[in-house]
Amino acid sequence: MTSEHGKKPLLSVRDLHAWYGESHALHGVNLDVAESETVTLLGRNGVGKTTTLRAIMGIIRKCKGVIDFAGQDLIRTPLHRTAHAGLGFVPEERGIFATLSVDENLLLPPVVSDGGMSIDEIFELFPNLKERRNSQGTKLSGGEQQMLAIARMLRTGVKLLLLDEPTEGLRP
Ligand SMILES: Nc1ncnc2c1ncn2[C@@H]1O[C@H](COP(=O)(O)OP(=O)(O)OP(=O)(O)O)[C@@H](O)[C@H]1O
Ligand SMILES: [Mg+2]
């Protein structure tokens, strides 16, 4: 399968179905993401955007279809393995650790491959975080917490970042 640029996509999802118990939440999702491409999922509340990301990451185990990521089939692959395959996820609830500082939160996720950003590069991108680097994670503003949640994944060298509601709390 090729994208419109003729390259094989980095992520290719075909006919993805997912269930919460007996409740059938995804009914055949198809999407492609090529390298260096940004793809946005839009839709009304409850349509399945979060569920799509969670199914790709391996957080929802009851699913079927094809999730091809860099040539590997990831359907029903658990979260710790999709993360090591190079998929990063920033959930809507952000997952900032309350008792850890900005610096400690930044250093927490393990580096999964080369090519991630250095701490200096991250602070250049998000100067707000540099100013608050010794503050406790949850004493940051909502927007600063969103920056921290995204920033900490940029360090890890993931090949593809899945962001749920990435602009929440951020000015344009
Ligand atoms: N943990 C859960 N258990 C059972 N059903 C769920 C669960 N989470 C979501 N759902 C249901 O699955 C469907 C898809 O929800 P999902 O959270 O993926 O929507 P969304 O597109 O992300 O919506 P929003 O724009 O509000 O974030 C909805 O009908 C929702 O009620
Ligand atoms: Mg959602």
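Residues numbered from 1 in each chain as written. Chains lettered and ligands numbered in written order. Predicted model: local features only at pLDDT ≥ 70, side-chain atom pairs only at ≥ 80, totals over all residues. Heavy atoms only, no water.

Trainee: Describe the site of ligand 1, listing the residues and the values that go with them.
Mentor: Around ligand 1, the neighbouring residues are Tyr 20, Ala 25, Arg 44, Asn 45, Gly 46, Val 47, Gly 48, Lys 49, Thr 50, Thr 51 and Glu 165. Between ligand 1 and Asn 45, the relevant distance is 3.0 Å, taken from an oxygen atom to a side-chain nitrogen or oxygen of the residue. The separation between an oxygen atom of ligand 1 and a polar main-chain atom of Val 47 is 3.3 Å. Class assignment for the residues of the shell around ligand 1 results in three nonpolar, five polar and three charged. (Near = heavy atom within 4 Å. Polar contact = N/O pair within 3.5 Å; in protein donor to acceptor, adjacent residues only side chain to side chain. Nonpolar A, V, L, I, M, F, W, Y, C, P; charged D, E, K, R; others polar.)

Trainee: I'd love a proper account of a negative patch on the surface, names of residues and values included.
Mentor: A contiguous patch of negative charge on the surface is contributed by Glu 92, Glu 93, Glu 165 and Glu 168. For Glu 92, the position within the fold is in the loop between strand 5 (87–90) and helix 3 (102–107). Given a relative accessible area of 33%, Glu 92 falls into the partly exposed group. (Patch = residues over 30% accessible without salt bridge, like charges linked within 9 Å, V, L, I, M, F, W, Y side chains within 5 Å. Areas by Shrake-Rupley, 256 points an atom, 1.4 Å probe, with all protein chains shown as cover. Salt bridge = Lys/Arg side-chain N within 4 Å of Asp/Glu carboxyl O. Lys, Arg positive; Asp, Glu negative; His and termini not counted. Charge placed at Lys NZ, Arg CZ, Asp CG, Glu CD. Helix = DSSP H or I, 4+ residues; strand = E, 2+ residues; numbered from the N terminus. Buried < 20%, exposed > 50% of the residue type's maximum accessible area, 1.4 Å probe, protein only.)

Trainee: Describe the environment of Gly 142, and please don't skip the residues or the numbers.
Mentor: Tracing the sequence through the fold places Gly 142 in helix 6 (residues 142–154). Separated by 48 residues in the primary sequence, Gly 142 and Arg 94 place their C-alpha atoms 9.8 Å from one another.

Trainee: How would you sum up the sheet that holds strand 4 (residues 72–73)? Please name residues and give values.
Mentor: Within a sheet, adjacent strands bond to each other through the backbone by hydrogen bonds, running parallel or antiparallel. An order of 2-1-3-4 is seen for the four strands of this open sheet, with the pairing classed as antiparallel. For this open sheet the edge positions go to strand 2 (23–33) and strand 4, each flanked by a neighbour on one side alone. Examined bridge by bridge, strand 1 (residues 11–20) and strand 3 (residues 63–69) share six bridges and lie antiparallel to one another. Paired with Ser 12 across the strands is Asp 68, a residue of strand 3. (Pairing = 2+ DSSP bridges.)

Trainee: For the layout of surface pockets, give the residues involved together with the corresponding values.
Mentor: Taken as a whole, the largest pocket spans an internal volume of roughly 790 Å³. Taken together, 31 residues make up the lining of the largest pocket; nearest its centre are Thr 38, Val 39, Leu 161, Leu 162 and Leu 163. Listing elements by their share of the lining of the largest pocket, those giving two or more residues are strand 2, helix 1 (49–57), helix 6 and strand 6 (160–163). Taken together, the residues of the lining of the largest pocket sort by class into 18 nonpolar, seven polar and six charged. Of the domains in this structure, domain 1 (11–85) and domain 2 (102–163) are the two that each give at least three residues to the lining of the largest pocket. Space inside the second largest pocket adds up to approximately 420 Å³. Lining of the second largest pocket is provided by 23 residues; of these, Leu 79, Ala 83, Phe 89, Pro 109 and Met 153 occupy positions nearest its centre. Among the elements that line the lining of the second largest pocket, the one with the most residues is strand 5, at four residues. Domain assignment of the residues forming the lining of the second largest pocket places at least three in each of domain 1 (11–85) and domain 2 (102–163). (1 Å grid on protein atoms, 1.4 Å probe; cavity = no way out; pocket = protein on both sides within 12 Å on 5 of 7 lines; lining within 4 Å. Points joined across faces, edges and corners; volume = space filled by probe spheres on them. Domains from an automatic or database assignment.)

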